[in-house]
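# Examining the three-dimensional arrangement
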Amino acid sequence: MTTKPVRTRFAPSPTGRMHIGNARSALYPFLLARRMGGTFILRIEDTDQKRYEPGAEQELINGLHWLGIHYDEGPDIGGPYGPYRQTERRAIYHEHAWKLVELGKAFPCFCTSERLEKVRQEQLKNKQNPRYDGACRVIDPDEARRRVNAGEKYVIRFKMPKEGSITTADLLRGSITTENSALDDSVLLKSDGLPTYHLAAMVDDHLMEITHVIRGSEWLPSLPLHTHVIRAFGWDEPIFVHLSVFLKPSGKGKMSKRDRAEVMKDGYSIFLGDMQELGYIPEGVLNWIALMGWGVPEDDVMTLDQMVERFDIDGLTASPAAINFQKLDHFNGAHIRLLRTEDLAARIKPIYTQAGFRVDDGTLLKVTPLIRERLVTLDDCLAFGGFFFLEDVDPNPQELIAKGLDAGQSAEIARKSYEILAALPELTHSAAEPPMRAYVEQGGHNVNQVFGILRVAATGQKVSPPLFESMEIIGRAKVLKRLKNAIEILEKM
RNA sequence: GCCCCCAUCGUCUAGCGGCCCAGGACGAAGCCCUCUCAAGGCUUAAACAGCGGUUCGAGUCCGCUUGGGGGCACCA
């Protein structure tokens, strides 16, 4: 085999929202191209005008951009092999379809869909496999040409050999031999003049000099057809790699877009747009999907660059993978912990802002390190650190009462704590903790009781980042004010 | 129904004939650390689907069975 420069592609159809399946179908060819110093391209397969959704292409582009999967050639940026949108390549497919007709490898078919449907029903009734019955295969080529020129509606079908077999290859599975008799005279060019996938993708992959076709395993059954088409043109075949499908978390059945509601109620989604809104970061999502279908021996928390370094296309897995959202959480949290403070701060700032908090950068930079290791998603910053940006907090009275104590005793602790803290010239972590600990011992209480009251009073919540670091950031004045408020609440109980 | 693919802990996987009484990660359990919650550290439970071959030797190769998945459109 010659050592042509590696060219891979992600070729989605703009028929819906971008999901994790799409993302992985883009990731692997991207990793391969980068790993091999090759080129990665985006091609839009929009030949189905019935399922076409405006806006889907943009969502795809946004998704890739968000993930950091950058393409070298594509519909919006152009490139030497364009256009990269199949509807803009009509003439190319038309020409190629007729080329096959001339070569005797394809034929025009004038059958109506009604007739086709009738034939199919009959075949089904007779327990035969539904298949084109070959009615137009026998039409004289000149006669067919005349009817086409006369304006009759037609499609072009591949003329599948009746005998013999074909051996194709998938990188992960080895060679696969199929009897031609099991194959159909598939439609290559539709009556609307646009090609089907079987023609368009083969033509484009050849013309765009794609070396590795990485695609979903739903294409495996049509690989023999595709190989026939490629060989009919006399072209070299690219290396085919069929990715396993994603299964539902239960492992029962393919994960589909229709499962969105099911998964959403657990706070998850398979759509990139949703995931972004839920506070997942691209690094986490990428790491997660990368490892469903690809295994590394150890150190599985990786950035995109690290994936590029370690990627090996032979290491992909052929078996279906059940998705596991807990693992997504794990990777997301792990990558959040890997972010530099300024970076993380910049990412959570808009979340605070959108939630209505007034955020100043100085405080944010101090808060960020405190909450970093507690975040699973970026959105968690609200629960863990919202009180830093509030003037007052609103503690739950019951939570102000320490375990094992009553309201009066808790109030006493709060008052004493107030005195201690108020006596300090500055409320810093190092200044406040020793006297408070001394008080805990003298008072005969335990740290959980005293610090617990203080925590709820100062932060308004039972769970927070470390108490004294938090109070230092909140600031002396505000802490005392909140404590006073807590004392009042307790005294009224 | 027909065709194709897949098969290691609950899940994602490492393993490409001896290095495996099977390694890592998530999750689970326990312990440590500890002002809460996390993070972190340590430990434990947990798998080669079954049956036949091939071989001195099989998780690794072959076949069958079973289970799972995918596909059979003028959709991709």
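Reading the values: the criteria
Residues numbered from 1 in each chain as written. Chains lettered and ligands numbered in written order. Predicted model: local features only at pLDDT ≥ 70, side-chain atom pairs only at ≥ 80, totals over all residues. Heavy atoms only, no water. Helix = DSSP H or I, 4+ residues; strand = E, 2+ residues; numbered from the N terminus. Buried < 20%, exposed > 50% of the residue type's maximum accessible area, 1.4 Å probe, protein only. Near = heavy atom within 4 Å. Polar contact = N/O pair within 3.5 Å; in protein donor to acceptor, adjacent residues only side chain to side chain. Axes fitted to C-alpha atoms, helices over the stretch in contact; angles between N-to-C directions. Parallel < 35°, antiparallel > 145°, perpendicular 65-115°, else oblique. Left-handed = near helix turned anticlockwise from the far one by under 90°. Contact = heavy atoms within 4.5 Å. Nonpolar A, V, L, I, M, F, W, Y, C, P; charged D, E, K, R; others polar. Expected span 1.5 Å × (residues − 1). Core = buried A, V, L, I, M, F, W, Y, C linked by side-chain atoms within 4.5 Å. Pairing = 2+ DSSP bridges. Phe/Tyr/Trp six-rings, centres within 6.5 Å; stacked < 30°, edge-to-face > 60°. Domains from an automatic or database assignment. Buried area = accessible area lost by both parts, 1.4 Å probe.

## Here's the deal with unusual backbone geometry
Excluding glycine, residues mostly have negative phi values, and the peptide bonds linking residues are mostly trans. Going from Gly-82 to Pro-83, the amide bond is cis rather than trans, its omega being -5°. With respect to the helices, strands and loops of the structure, Pro-83 is situated in the loop between α2 (56-67) and α3 (90-102). Its identity is not glycine, yet Lys-127 carries a phi of approximately 60°, on the positive side. Within the secondary structure, Lys-127 is located in the loop between α4 (113-125) and α5 (141-149). What makes Lys-127 exposed here is its relative accessible area of 78%. For Glu-209, which is not a glycine, the phi torsion comes out positive at approximately 55°. Here Glu-209 is to be found in the loop between α6 (197-207) and β8 (212-216).

## Focus: the protein's contact with RNA strand B
Around RNA strand B lies a shell of 61 residues, among which Lys-190, Leu-291, Arg-374, Arg-437 and Arg-455 are the nearest. Restricting the count to atoms of RNA strand B within 4 Å of the protein gives a sugar and phosphate share of 70%. Within the side chain of Glu-45, an N or O atom sits 3.2 Å from a sugar or linking oxygen of RNA strand B. Residue Asp-48 places a side-chain N or O atom 2.5 Å away from a sugar or linking oxygen belonging to RNA strand B.

## A word on the packing of helix α19 (residues 447-459) against helix α21 (residues 476-491)
Where α19 meets α21, the closest approach of the two axes is 8 Å, and the angle between their N-to-C directions is 110°. In terms of their interaxial angle, α19 and α21 are classed as roughly perpendicular. Remark: the crossing between α19 and α21 carries right-handed chirality. Every residue of α21 that contacts α19 at Leu-454, Ala-457, Ala-458 and Thr-459 is listed here: Arg-482, Leu-483 and Ala-486. Residues of the contact of α19 with α21, tallied by class, amount to five nonpolar, one polar and one charged.

## Comments concerning helix α12 (residues 325-338)
An ideal rise of 1.5 Å per residue puts 20 Å on 14 residues; α12 measures up with 20 Å between its terminal C-alpha atoms. Buried residues of α12: Phe-325, Leu-328, Asp-329, Phe-331, Asn-332, Gly-333, Ala-334, His-335 and Ile-336, and no others. Packing partners of the buried residues in α12 comprise α8 (260-264), α9 (272-277), α10 (282-290) and α13 (341-354). At the N-terminal boundary of α12, the capping side chain belongs to Asn-324, with an oxygen 3.0 Å from the backbone nitrogen of Gln-326.

## Brief notes about the nonpolar core
Tyr-352, Leu-421, Met-436 and Met-471 are the most contacted members of the largest nonpolar core, which has 56 residues in total. Of all the secondary structure elements, the ones that give two or more residues to this core are α13, α14 (361-371), α15 (380-385), α17 (407-422), α18 (429-443), α19, α20 (467-474) and α21. The contact partners of Leu-421, leaving out residues within four places of it in the chain, are Ala-432, Met-436, Leu-454, Met-471, Arg-476, Val-479, Leu-480 and Leu-483. Grouped together as the second largest cluster of nonpolar side chains are 54 residues, Ala-290, Trp-294, Val-308 and Phe-331 included.

## Re the packing of α18 against α19
Contact pair α18 / α19: the axes reach a minimum separation of 9 Å and the direction vectors enclose 130°. As judged from the angle between their axes, α18 and α19 are oblique. Regarding α18 and α19, the two cross each other, and that crossing is right-handed. Residues Met-436, Arg-437, Tyr-439 and Val-440 of α18 form the contact with α19, whose own contacting residues are Val-447, Val-450, Phe-451 and Leu-454. Among the residues making up the contact of α18 with α19, the classes are represented as seven nonpolar, no polar and one charged.

## Details of the pairing of strand β1 (residues 7-10)
Of the two faces of β1, both are covered, the one formed by Arg-7 and Arg-9 as well as the one formed by Thr-8 and Phe-10. Sheet topology note: the β1/strand β2 (residues 39-42) ladder contains four bridges and is parallel. Each residue of the ladder has a partner; that of Thr-8, found in β2, is Phe-40.

## Looking at the packing of aromatic side chains
Summed over all chains, the structure comprises 13 aromatic pairs. Considering the side-chain rings of Tyr-197 and Trp-219, the 3.6 Å spacing of their centres and the 10° angle between planes classify their relative orientation as stacked. Residue Tyr-197 is found in helix α6, and its partner Trp-219 is found in the loop between β8 and α7 (223-233); the two are separated by 22 residues along the sequence. When its relative accessible area of 15% is taken as the criterion, Tyr-197 is described as buried.

## Describing the domain arrangement of chain A
Its domain assignment divides chain A into domain 1 (87-242), domain 2 (257-338) and domain 3 (344-491). Taking only C-alpha atoms into account, the centre of domain 2 sits 35 Å from that of domain 3. Between domain 2 and domain 3, the contact holds 12 residues from the first and nine residues from the second. In this assembly, domain 2 packs against domain 3 so that about 800 Å² is buried in total across both faces, 57% of it on carbon and sulfur atoms. By the criterion of area lost to domain 3, the three top residues of domain 2 are Gly-279, Ile-336 and Arg-337, representing 52% of everything that side buries.

## Some words on the environment of Leu-60
Mapped onto the secondary structure, Leu-60 falls in helix α2. Sequence separation between Leu-60 and Ser-13 is 47 residues; the distance between their C-alpha atoms is 9.3 Å. Those residues within four positions of Leu-60 in sequence are excluded, and the remaining contacts are Pro-12, Ser-13, Pro-14, Met-18 and Asn-22.

## Details of the environment of Asn-485
With respect to the helices and strands, Asn-485 occurs in helix α21. Linking Asn-485 and Asp-394, residues 91 residues apart in sequence, is a C-alpha distance of 9.0 Å. Contacts of Asn-485, omitting those with residues within four sequence positions, involve Val-393 and Pro-395.

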